[in-house]
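Remarks on the overall topology
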Amino acid sequence: MGTSRRESALTKSIQSGLLRDPDRFKKTPCGRFLAFFTLRRIKLVRYERHLFEKLRQEVWKFDEDEYQASFHTTSGQPPLKAMGDLGYSGSVGSSSIGWMIIQNTDSSRQTFFGTLDGHFVVKSLPRHFEHSFFQADLLGPYYEYMRHHPDSMLVWITDYILAPYVTMGTMLGCTPAHHIIMENILCGKDDDPAGINWETYDLKPIDYFYPERDLVPEPLVNEDTLNRLADTFNDKLCLSKRDFDNFRRSIESDTKFLQHANAVDYSLFLVRIPASSTPPVLGRKSPWREGLLSADGKWRYRAVILDFFWARHKLHAQAMSGVVQTFNVVGRQGPMSITTTANEYRQKFLAMIEKIIEVQ
């Protein structure tokens with residue numbers, strides 16, 4: 001019941017934040033005082049609203065009325081629908097250091113909600129080192145990069161909302177105060193008669209070690225924790241030479257950008273769809289968002305790069321390096337994705353992608 005009330009309050013806060021005009025939101029001493037005692041229904045506002053409007057309208061070619069309509073609901077409908085953790089490895093610390101060992105609070109868990117029409121996903125950024133990196137270091141370069149690379153495979157982040165006031169809810173970890181809105185790469189699945197046959201894979205380099213898997217005795221490892229680790233794709237993406245060359249150029253460019261930002265631990269979220277399906281796509285048309293037809297005509301592929309919010313230079317990642325070194329003394333294991341260098345992670349990520357592709 002507590003979780004349900006928390007989710008209900010949070011979805012209403014998110015919806016209000018996306019529909020509220022930030023230019024009319026006035027910070028006052030009285031407002032700060034009253035907001036401080038809020039636990040769940042915190043006020044959220046759009047951050048850099050005009051920047052994201054330019055991305056949506058000028059770069060990604062969204063219809064703004066349709067975009068806004070995704071967040072409007074009629075009386076009796078929930079503002080958003082809970083989506084659990086979507087199976088993304090980033091749901092619990094991004095192939096992390098074992099939050100069951102280091103940290104196990106609600107504030108460390110990322111929350112996912114979806115719009116009722118299935119077009120967009122809302123993802124919380126509850127940890128300070130994530131949202132501070134995105135807000136202070138990555139957002140400006142991300143905006144410029146996307147303007148010049150409109151067909152980039154980096155996930156489209158269409159809005160960013162945050163709490164303008166400090167509240168007890170955010171201080172106690174009851175309610176996350178920072179949320180990104182991004183495209184839903186699974187758009188169209190619910191309406192597809194063959195939707196049950198869609199396959200999803202959250203792929204990262206597997207030659208790193210995970211304390212949850214490699215050091216903790218098996219009876220003590222929660223199966224749910226193991227399920228959140230990166231997936232394995234035991235097949236090949238069948239691409240034509242032309243599609244492969246275009247794909248490789250895009251991935252190399254995107255990961256080069258992430259390397260310059262010093263980001264690690266990102267993943268390739270791959271969706272494999274039956275070739276007979278033709279799900280709709282919003283905004284700018286590009287092959288890997290529409291559903292690229294495989295060279296053998298059996299599948300359509302969608303793919304985006306996700307979870308690029310862990311920066312190697314942030315204090316938390318640096319602190320984790322010491323913990324990993326301690327694990328390595330005990331387990332004699334190799335480096336972890338969250339403590340490697342951005343260049344090394346990029347090289348392993350590109351090598352992983354090369355291994356899952358077959359060119360015809």
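Residues numbered from 1 in each chain as written. Predicted model: local features only at pLDDT ≥ 70, side-chain atom pairs only at ≥ 80, totals over all residues. Heavy atoms only, no water.

Per an unreviewed UniProt entry, the protein chain is named PIPK domain-containing protein, and its organism is Penicillium capsulatum.

**Focus on the overall build of the protein chain**
Tallying secondary structure elements over the protein chain gives 13 helices and 14 strands in all. Residue burial in the protein chain is summarised as follows: out of 360 residues, 55% are buried. For the protein chain, restricting intrachain contacts to residue pairs at least 6 apart in sequence, the fraction spanning at least 24 positions comes to 80%. Carbon and sulfur atoms make up 51% of the accessible area of the protein chain, which amounts to about 16,300 Å² in all. (Helix = DSSP H or I, 4+ residues; strand = E, 2+ residues; numbered from the N terminus. Buried < 20%, exposed > 50% of the residue type's maximum accessible area, 1.4 Å probe, protein only. Contact = heavy atoms within 4.5 Å. Areas by Shrake-Rupley, 256 points an atom, 1.4 Å probe, with all protein chains shown as cover.)

**Comments concerning helix α10 (residues 241-260)**
Spanning 20 residues, α10 covers 29 Å between terminal C-alpha atoms, matching the ideal 28 Å at 1.5 Å per step. Buried residues of α10: F244, D245, F247, S250, I251, D254, T255, F257, L258 and Q259, and no others. The positive-phi residue at the C-terminal boundary of α10 is N262, with phi of around 70°. (Expected span 1.5 Å × (residues − 1).)

**What about helix α13 (residues 342-355)?**
With 14 residues, α13 extends 20 Å between its outermost C-alpha atoms, agreeing within 8% with the 20 Å of an ideal straight helix rising 1.5 Å per residue. Burial in α13 covers these residues: A342, Y345, R346, F349, L350, M352 and I353. For α13, the angular spread of the buried residues around the axis is 155°, confining them to a single face. (Arc of directions from axis to C-beta.)

**So, the environment of A163**
Note that A163 resides in the loop between β5 (157-162) and α7 (168-171). Accessibility expressed as a relative area gives 16% for A163, which makes it buried. A C-alpha to C-alpha distance of 6.4 Å links A163 and V45, two positions 118 residues apart in sequence. Beyond its immediate chain neighbours, meaning those up to four positions away, A163 contacts I42, K43, L44 and A177.

**Thoughts on the sheet that holds strand β2 (residues 81-82)**
Reading across from one edge, β1-β5-β6-β4-β3-β2 is the order of the 6 strands in this open sheet, with antiparallel pairing throughout. Of all strands in the sheet, those with a lone pairing partner are β1 (45-46) and β2, marking the two edges. Summarising the sheet, β2 and strand β3 (residues 112-114) pair through 2 bridges and their orientation is antiparallel. Across the sheet, residue A82 finds its bridge partner in β3, namely F113. Sheet strands touched by helix α3 (residues 49-59): β1 and β5. Its angle to β5, the strand with the most contacts, is close to 165°. Of the strands in this sheet, β5 and β6 (178-183) touch helix α6 (residues 128-148), which is tilted by about 145° from β5. (Pairing = 2+ DSSP bridges. Axes fitted to C-alpha atoms, helices over the stretch in contact; angles between N-to-C directions.)

**Brief notes about unusual backbone geometry**
For D265, which is not glycine, the phi dihedral falls at a positive 70°. Position of D265 among the secondary structure elements: in the loop between β9 (263-264) and β10 (267-274). Residue D307 is not a glycine yet carries a positive backbone phi of 60°. Assignment of secondary structure puts D307 in the loop between β12 (299-306) and β13 (310-311).

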